[in-house]
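The primary structure of each chain is shown beneath.
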Number of protein chains: 2
Amino acid sequence: MDTTTAIHQRRSVKHYDPDHTMTEVEIQALLELALLSPTSFNMQNWRFVVVTDPEKRAAIEAAAWNQAQVTEASILIILCADLHAYEDGARYWVNAPQPVQDMLVPMIEPFYKDNVQLQRDEAMRSIGIASQTLMLTAKSMGYDSCPMIGFDPQKVADIIELPEHHIIGMMLPIGKALKDANTRGGQLPFDEVVHIDGF
Amino acid sequence: MDTTTAIHQRRSVKHYDPDHTMTEVEIQALLELALLSPTSFNMQNWRFVVVTDPEKRAAIEAAAWNQAQVTEASILIILCADLHAYEDGARYWVNAPQPVQDMLVPMIEPFYKDNVQLQRDEAMRSIGIASQTLMLTAKSMGYDSCPMIGFDPQKVADIIELPEHHIIGMMLPIGKALKDANTRGGQLPFDEVVHIDGF
């Protein structure tokens, strides 16, 4: 599907065919594309938890105020991030020419180490970017999605055994839509959102 | 361009043709697509500042440690967010059926009002999502882009007259590539980044 069409047609869909399953090949292809999303310093700080186990899905639904798309969609992806991805930065540049490695790698840790807010900003930014890769890829595969922040993050963290210094940024059910999204709720005027040269 | 191709071909490009200009029609089309990016509660909390003025571009380049793509790219977009977008939520749902408005609108302000960290998370998440819409759209229009966080945010805020309770999340030069990106620096193994059912 054309990029422009995917952007236009991507909507947050709430109703999914609970009998539809995605193949392992589809799930792999979807996530391989997500892994091409850019991250600062190529840190790849996102971590994706694909929840397929029905008991865990039910527990997560309960932690998300019983929103049915959590269990009815074909897959559920929990988008997490490692807040300490800035450590051991050499692994992100192993294929770069040596002078590039020598310049970039020593910059990473000092940039983040003592800045907890920046670590968290980076988590949310990277998760945001990767989530749109997933949503547009899903749309282009004939699926829909529903980005969600309405859940108890601590309960979901317990269910997926989120490690220390990791954070959850979003949940993303993906599946076969049973019912289209409503029309868009109310778009702000272009000139309220886009400014030229300054506010 | 096919969505999958755009995701594969999108790379962070540093070298742009400084003589190339994008037409106003192209810039408008690019941003109209960005405005279709999802946001929590449809808050549309992003604000996009398109910097065309050469003096401002030069000043921003100086605030970004003289990275040449800031002035050499055809346009520079500063992705900002309104941290108080949760106020006056009725405008985001004017086209929704009345029962939907009655349910959703009163939820927005209490969800964010006393949670400064969540306001900021939402800014970064929305900016991340919209930035990928912009990067993939740019690619599909034959352009390249370079997401940037390496700049002095206070200096750039002064240049674009960023209002109170707004924040800058990223800068995005977009233009005609003069030189391809290097090969990818070093992709983490799939199994290190993707987990099934839990960590």
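What you see is a predicted model, and the numbers here were worked out from it, not measured in a lab.

## Quick word on the relation of the copies chain A and chain B
Piece 1. With an axial shift of 0.0 Å and an RMSD of 0.0 Å, the rotation relating chain A to chain B amounts to 180°. The two molecules are tied by a two-fold rotation axis, judged by turn and shift.

## A word on the packing of helix α2 (residues 24-34) of chain A against helix α6 (residues 116-140) of chain A
All names here are of chain A.
Piece 1. Here α2 crosses α6 at 140°, and the two axes come no closer than 8 Å. Considered as vectors, α2 and α6 are oriented oblique to each other. Considering the relative orientation of α2 and α6, their crossing is right-handed. Here L30, L33 and A34 of α2 lie close against α6, whose contacting residues are A130, T133, L134, T137 and A138.
Piece 2. Of the residues assigned to the contact of α2 with α6, the class counts are six nonpolar, two polar and no charged.

## Description of helix α2 (residues 24-34) of chain B
Piece 1. Listing the buried residues of α2 of chain B in full gives L30, L31, L33 and A34 of chain B. An end-on view of α2 of chain B places all buried positions within 155° of arc, on one side of the element. Opposite the packed face of α2 of chain B, turned more than 90 degrees from it, sit the exposed residues E24 and V25 of chain B.
Piece 2. Along its buried surface, α2 of chain B packs onto α1 (3-9) and β7 (194-196) of chain A together with β2 (46-51) and α6 (116-140) of chain B.

## Quick notes on the sheet that holds β2 of chain B
Sheets are built from strands paired through backbone hydrogen bonds, the pairs being either parallel or antiparallel.
Piece 1. The sheet built from five strands is open, its strands ordered β7(A)-β2(B)-β3(B)-β5(B)-β4(B) with mixed pairing. Looking at the sheet topology across the chains shown, the edges are occupied by β7 of chain A together with β4 (144-145) of chain B.
Piece 2. Sheet topology places strand β3 (residues 75-82) of chain B next to strand β5 (residues 166-175) of chain B; eight bridges connect them, and they run antiparallel. Paired with I75 of chain B across the strands is I174 of chain B, a residue of β5 of chain B.

Conventions used here
Residues numbered from 1 in each chain as written. Chains lettered and ligands numbered in written order. Predicted model: local features only at pLDDT ≥ 70, side-chain atom pairs only at ≥ 80, totals over all residues. Least-squares fit on C-alpha atoms with pLDDT ≥ 70 in both. Axes fitted to C-alpha atoms, helices over the stretch in contact; angles between N-to-C directions. Helix = DSSP H or I, 4+ residues; strand = E, 2+ residues; numbered from the N terminus. Parallel < 35°, antiparallel > 145°, perpendicular 65-115°, else oblique. Left-handed = near helix turned anticlockwise from the far one by under 90°. Contact = placed C-beta atoms within 7 Å. Nonpolar A, V, L, I, M, F, W, Y, C, P; charged D, E, K, R; others polar. Buried ≥ 20, exposed ≤ 12 C-beta atoms within 10 Å, placed from the backbone. Arc of directions from axis to C-beta. Pairing = 2+ DSSP bridges.

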